[in-house]
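Here are the chains, one letter per residue:
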Amino acid sequence: MKQMHRFIIISMILFSILSNGYAQGSSESSNDNSESKEIIEFWNLGTDNPDKTIFKTTIDKFNDSSSDYFIENISTQSNTYKEKLIITMSSGECPDMYISWSGGPMNEYIESGFAQPIDEQFNKLNLDDILMDAAISQATYNGNIYAIPMLSVSISGIFYNKEIFDEYGLKIPTTIEELEYVCDVLVDNDIIPFALANKQKWTGSMFFQNLAARYGGLGPFKSAASGEGTFEDESFVYAGEKIQEWVKKGYFPEGVNSLSEDDGQAIQLMYQEKAAMTCNGSWYAGNFKADSEEFYSKIGWFSFPTLSGSEADSTIQIGTIGDQFISFNCTGAKLDAAVESASKFFEEETLKMMVENGKIPPIKNINNYISDDDPVINDILLAVLNASSTQLWYDQYLPPAVAQTHLNTCQELFGLTITPKEAARLLEVSMEESLK
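A few points on the structure. (Residues numbered from 1 in each chain as written. Predicted model: local features only at pLDDT ≥ 70, side-chain atom pairs only at ≥ 80, totals over all residues. Heavy atoms only, no water.)

## Examining the pairing of strand 7 (residues 147-150)
Now for step 1: On strand 7, burial covers both faces: Ala147 and Pro149 on one face and Ile148 and Met150 on the other are all buried.
Now for step 2: Pairing of strand 7 with strand 13 (residues 324-328) involves four bridges; the strand directions are antiparallel. Bridging across to strand 13, Pro149 finds its partner in Phe325. (Buried < 20%, exposed > 50% of the residue type's maximum accessible area, 1.4 Å probe, protein only. Helix = DSSP H or I, 4+ residues; strand = E, 2+ residues; numbered from the N terminus. Pairing = 2+ DSSP bridges.)

Shown next, in the form of structure tokens:
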């Protein structure tokens, strides 16, 4: 109930906006035979391809096969989705199925009564034989499974234009110092080192998370998040200092905080070859591939480089084993049908569609689907398989209020409107308040 009260307090004003139609998703299904069936409302993020096609094809398959239930496919753009979900929950409502993420937000939805355990359905469908153990772990809370991980294994890394690298004699950097050399050469030749659109804030936070992990490993974050340590640790101060150093050296586009990821302003810099690299989630492989096979052939990928002199494990990855998690807010036969519909994402046709569009589904036999002639996906998969651990995105792991502080301070670091120590202090205060 405390979590529900928090939703209500945060969302009272915004709820009136939603009531007038703000951020309503689009409902779509080509095979609308729903008249005689019970509706299962499914909120998701499938507004753009390839995700749009993956969701629609899979949902249509279930709708064609079910005699009793019909999935209503309601898609919303990512920059408004989470807010829409929280506002709806604050009114005491929730869709039957919805995309969520593991970590802090999922835990709050569960504690607020908006997600049901699915262990029985999960076992009946033998999903534990299909899904990666690490993915199931991220879908588990207090010993019960509450969600189905799907779509893709997603880690952050650096995509780069191989032709630009070849033109200037650049090699894949293995250390942060070597990465800075690459960036300096690019700046000298009027090429933006990193395409980045940071209006949505989470894009820039990937740099912060990777830099902190390469400096001190995962220990400082886990300690700070539990209250045993602090976000004023030197790992986080270092990350902020390095970001601001790179901003001043011109490693990012001008006006980076006003550029929109949702409008594709970062990826367009790659397509126009005004930028040579971008640090983003591995789903970018699917975006490149879907937009242009020809351009995709120019793209390579490497893990965020290690920091010389640091004892931190350089195999650590930042991301999630399952890019999106389907949670369920229904019971009985309706819950059985909803979970069954989600299991359709792991059928042969859909898995092939995902891989063909640059996805790495979080399944145990993923190697059976990855082609040897896709070096980008193979390099990403190799990094995942060799990782000693994967740190969930900060804004998913942390409680929502703390996650927002993290995103806000990261954006301010890129805007040079706050010092690294001030940013670290604000994040620590936010964490302390949450723990109280």
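More follows now that the structure is in view.
## A look at unusual backbone geometry
Now for step 1: Looking along the chain, the bond that leaves Asn49 and enters Pro50 is cis, with omega of 10 degrees.
Now for step 2: Note that Pro50 resides in the loop between strand 2 (38-44) and helix 2 (51-65).
Now for step 3: You will see that Asn142, though not glycine, has its phi angle at about 50 degrees, which is positive.
Now for step 4: Checked against the element boundaries, Asn142 lands in the loop between strand 5 (140-141) and strand 6 (144-145).
Now for step 5: Unusually for a residue other than glycine, Leu151 sits at a positive phi of about 75 degrees.
Now for step 6: Considering the arrangement of structural elements, one finds Leu151 in the loop between strand 7 and strand 8 (153-161).

## Topic: the nonpolar core
A general tendency of soluble globular proteins is for nonpolar side chains to be buried together.
Now for step 1: Counting residues in hydrophobic clusters, the biggest one holds 140 residues, and the most contacted among them are Tyr98, Phe194, Phe207, Trp246, Met277 and Phe328.
Now for step 2: Leave out the neighbours within four places in its chain, and Phe328 touches Asp96, Met97, Phe114, Ala115, Gln116, Ile118, Tyr146, Ile148, Leu335, Ala338, Val339 and Ala342. (Core = buried A, V, L, I, M, F, W, Y, C linked by side-chain atoms within 4.5 Å. Contact = heavy atoms within 4.5 Å.)

## What about empty space enclosed by the protein?
Now for step 1: The tally for this structure, following the rule as stated, stands at two cavities of 30 Å³ or more.
Now for step 2: Looking at the largest cavity, its volume works out to about 70 Å³.
Now for step 3: What lines the largest cavity is Phe208, Phe231, Phe236, Gly240, His406, Thr409, Cys410, Leu413, Pro420, Ala423, Ala424 and Leu427.
Now for step 4: Every element with two or more residues in the lining of the largest cavity is listed here: helix 11 (234-248), helix 19 (400-414) and helix 20 (420-435).
Now for step 5: Across the lining of the largest cavity, the residue classes break down as nine nonpolar, three polar and no charged.
Now for step 6: Of the pockets and cavities examined, the second largest cavity occupies roughly 40 Å³.
Now for step 7: When contributions to the lining of the second largest cavity are tallied by element, the ones reaching two or more residues are helix 2 and helix 15 (332-343).
Now for step 8: Of the residues in the lining of the second largest cavity, the class split is seven nonpolar, two polar and no charged. (1 Å grid on protein atoms, 1.4 Å probe; cavity = no way out; pocket = protein on both sides within 12 Å on 5 of 7 lines; lining within 4 Å. Points joined across faces, edges and corners; volume = space filled by probe spheres on them. Nonpolar A, V, L, I, M, F, W, Y, C, P; charged D, E, K, R; others polar.)

Geometric values such as these leave the question of function open.
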